[in-house]
Amino acid sequence: MGLNKKSVDDINVKGRRVLVRCDFNVPLKNGEITDETRIVAALPTIQKLIGDGGRVILCSHLGKVKEGPNEKESLAPVAKRLSEKLGKEVVFVADYNVTGEAATAAVEAMKEGDVVLLQNTRFRGKEETKNGEQFSQELADLADDYVCDAFGSSHRAHASVEGVTKCITAKGGSNVVGYLMQKEINFLGNAVENPVRPFVAILGGAKVADKLNVISNLLEKCDTLIIGGGMAYTFLKAQGYEIGKSLVDNEKLDYCKEMLEKAEKLGKKLLLPVDSVTIAEFPNPIDAPVEVEVYDVENMPADREGCDIGPKTAAMYAEAVKTAKTVVWNGPMGVFENPTLAAGTIAVAKALAETDATTIIGGGDSAAAVNQLGFGDKMSHISIPMSVCMFSFLSADHVSQAEFCGNEILQTRGFQLLAQAVHIHRQRVVIHKAVRLPQLLHQPLPAHHLTLALQQGQQDAVLILAQWNLLSPVSQGVVPGVEQRSPMLQHRQRTPKIIGPAQQSLDLGNQHLHVKGLGNKIIPAHVHGHDNVHVVGGGG
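Residues numbered from 1 in each chain as written. Predicted model: local features only at pLDDT ≥ 70, side-chain atom pairs only at ≥ 80, totals over all residues. Heavy atoms only, no water.

**Q** Now, about the overall build of the chain: what can you tell me, with residues and values included?
**A** When helices and strands are counted, the chain shows 19 helices and 20 strands. Looking at the 540 residues of the chain, the share that counts as buried comes to 58%. Considering only residue pairs separated by 6 or more positions, the chain has 72% of its internal contacts joining residues 24 or more positions apart. Here the chain displays about 22,400 Å² of accessible surface, and carbon together with sulfur accounts for 47% of that area. (Helix = DSSP H or I, 4+ residues; strand = E, 2+ residues; numbered from the N terminus. Buried < 20%, exposed > 50% of the residue type's maximum accessible area, 1.4 Å probe, protein only. Contact = heavy atoms within 4.5 Å. Areas by Shrake-Rupley, 256 points an atom, 1.4 Å probe, with all protein chains shown as cover.)

Below, the structure written as structure tokens:
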């Protein structure tokens with residue numbers, strides 16, 4: 001998989017101010033960094049820019065900052081650790097405004113090779129997360145060029161990731177990727193395009209909804225799919241087992257049943273826990289001593305919570321890994337932060353460390369687990385900052401040469417492929433908010449692809465095209481992407497009410513799509529006259 005964006009090797013930064021978006025979202029405990037992996041991963045790009053005489057301005061988010069700016073989510077500990085790693089002072093701008101007078105003064109005082117770290121970008125609240133124009137411009141005003149080296153955040157349309165790039169371009173600067181971005185994309189792209197088989201995928205962690213939605217596509221790619229962590233209990237409940245107080249997503253029970261059936265139909269192995277380590281109450285703090293009891297899954301009590309795979313399951317999963325040639329692992333098998341509940345994760349990590357397979361570890365929790373357990377140097381590749389992006393690669397088998405940089409996916413072959421990609425990603429990567437598509441379509445787009453996609457229930461794909469102005473009159477038989485509108489589409493489960501003067505429709509069987517503000521720019525002429533999709537409002 002080629003990376004078509006320019007990198008830090010392609011620009012001359014001597015004497016120039018370079019804003020580098022890093023991923024310093026490190027775990028903290030009592031103000032101390034417990035895993036410095038993400039900081040270490042950013043060093044090659046930073047050192048390259050320092051060595052080339054750039055004035056290096058670093059920015060990042062840390063945490064979710066749900067209750068406003070606070071010292072617990074300040075980047076001050078990161079600045080301290082960076083100074084130690086670089087062997088030189090990293091000037092930290094502690095101002096909660098991020099880009100205020102203190103930041104301007106610090107940048108103005110910089111000499112070639114100096115490094116400044118701005119305060120947590122999420123201290124600006126929705127100005128950051130909603131891609132605010134003012135904050136984007138303020139960030140760009142501090143710099144001449146921009147480097148994105150935060151692969152784990154590159155799918156987000158935030159001011160420090162996407163908005164700033166427009167402002168840098170407007171002032172004649174360069175937007176390039178760093179070494180970490182380049183490494184992640186190239187490695188994962190090659191692994192997904194041509195996996196050596198047997199290919200085993202391991203899913204764990206507590207983010208049930210995030211990962212359940214990629215299972216369908218992983219089943220089509222891998223030979224064996226191993227499920228652990230919190231998501232396993234949703235599968236177990238779908239099979240009729242008592243899961244007690246364990247983590248569960250009740251809305252996904254039918255989906256889990258479908259996936260079990262799909263695995264059987266495809267002849268793929270889908271391995272679930274056969275026993276579980278349970279607790280009566282969740283430990284507080286998380287690493288506090290806790291009493292555990294192990295039960296086979298058919299005997300779990302209703303008053304206990306599963307927090308790790310049991311020893312029988314650990315042995316079964318380790319055995320499945322032994323014969324693999326490619327293994328991708330995202331998410332620990334239990335609450336690995338607690339020593340008593342880490343045995344399952346340790347067993348899987350140890351099995352991967354001992355295999356000759358290409359082993360790819362994705363996501364912050366997985367990376368932290370592997371490194372804390374001492375197996376980091378035994379893995380082929382640790383995709384440190386990202387789980388979402390990695391599994392976007394793994395699941396989007398119809399997306400060719402995808403490029404995550406400045407929130408773009410380029411060189412996708414046609415709308416039908418885009419429709420599938422959107423269908424795959426829509427639950428987590430949120431393409432309609434995060435991915436810029438103006439340069440997506442490099443070839444004429446037959447109108448019948450739109451018809452087919454809608455008939456297949458790919459309403460989200462049409463939503464993406466609409467929101468990123470890639471819909472145009474279809475009387476030409478193509479959708480080349482020239483319209484400059486931001487229409488709104490709403491998917492309805494019932495037949496929609498017809499509103500407005502412009503009415504067109506498309507037969508989608510049992511699917512219903514309500515389209516507002518597009519006029520007749522979306523529905524191909526040869527499918528007019530049906531009942532379930534209505535275009536309303538004057539889109540002209």
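That covers the picture; the talk isn't over yet.
**Q** Describe the packing of helix H5 (residues 133-141) against helix H6 (residues 159-170), with residues and values.
**A** Packing of H5 against H6 leaves a shortest axis separation of 8 Å and a crossing angle of 65 degrees. In terms of their interaxial angle, H5 and H6 are classed as roughly perpendicular. Of the two possible hands of crossing, H5 and H6 adopt the one that is right-handed. Here H5 contributes Phe-135, Ser-136, Gln-137, Leu-139 and Ala-140 to the contact with H6, which in turn contributes Ala-159, Ser-160, Gly-163, Val-164, Cys-167 and Ile-168. The residue makeup of the contact of H5 with H6, split by class, is seven nonpolar, four polar and no charged. (Axes fitted to C-alpha atoms, helices over the stretch in contact; angles between N-to-C directions. Parallel < 35°, antiparallel > 145°, perpendicular 65-115°, else oblique. Left-handed = near helix turned anticlockwise from the far one by under 90°. Nonpolar A, V, L, I, M, F, W, Y, C, P; charged D, E, K, R; others polar.)

**Q** So what's going on with the sheet that holds strand S7 (residues 145-148)? Which residues, and what values?
**A** Taken together, the six strands give an open sheet; going across it, the order is S5-S6-S4-S1-S7-S8, and neighbouring strands pair in parallel fashion. Looking at which strands have only one partner, the edges of the open sheet turn out to be strand S5 (90-92) and strand S8 (175-177). Neighbouring strand axes in the sheet, compared pairwise and without regard to direction, differ in orientation by 25 degrees on average. With four bridges joining them, strand S1 (residues 17-21) and S7 adopt parallel strand pairing. In the sheet register, Val-20 faces S7, and the bridge partner there is Val-147. (Pairing = 2+ DSSP bridges.)

**Q** Give me the pairing of strand S14 (residues 305-309): which residues, what numbers.
**A** With respect to burial, S14 is a largely interior element, five of its five residues being buried. Sheet topology places strand S12 (residues 275-279) next to S14; four bridges connect them, and they run antiparallel. Looking at S14, one finds that Val-277 is bridged to Asp-308.

**Q** Describe the pairing of strand S9 (residues 199-203), listing the residues and the values that go with them.
**A** Within a regular strand, side chains alternate between the sheet's two faces. Most of S9 sits out of view: five of its five residues are buried. Judged by which residues are buried, S9 turns out to be covered on both faces: Phe-199, Ala-201 and Leu-203 on one side and Val-200 and Ile-202 on the other are all buried. When S9 meets strand S15 (residues 326-330), the two strands line up parallel, connected through five bridges. In the strand pairing of S15, Leu-203 is matched with Asn-330.

In short, geometric facts, not functional conclusions.
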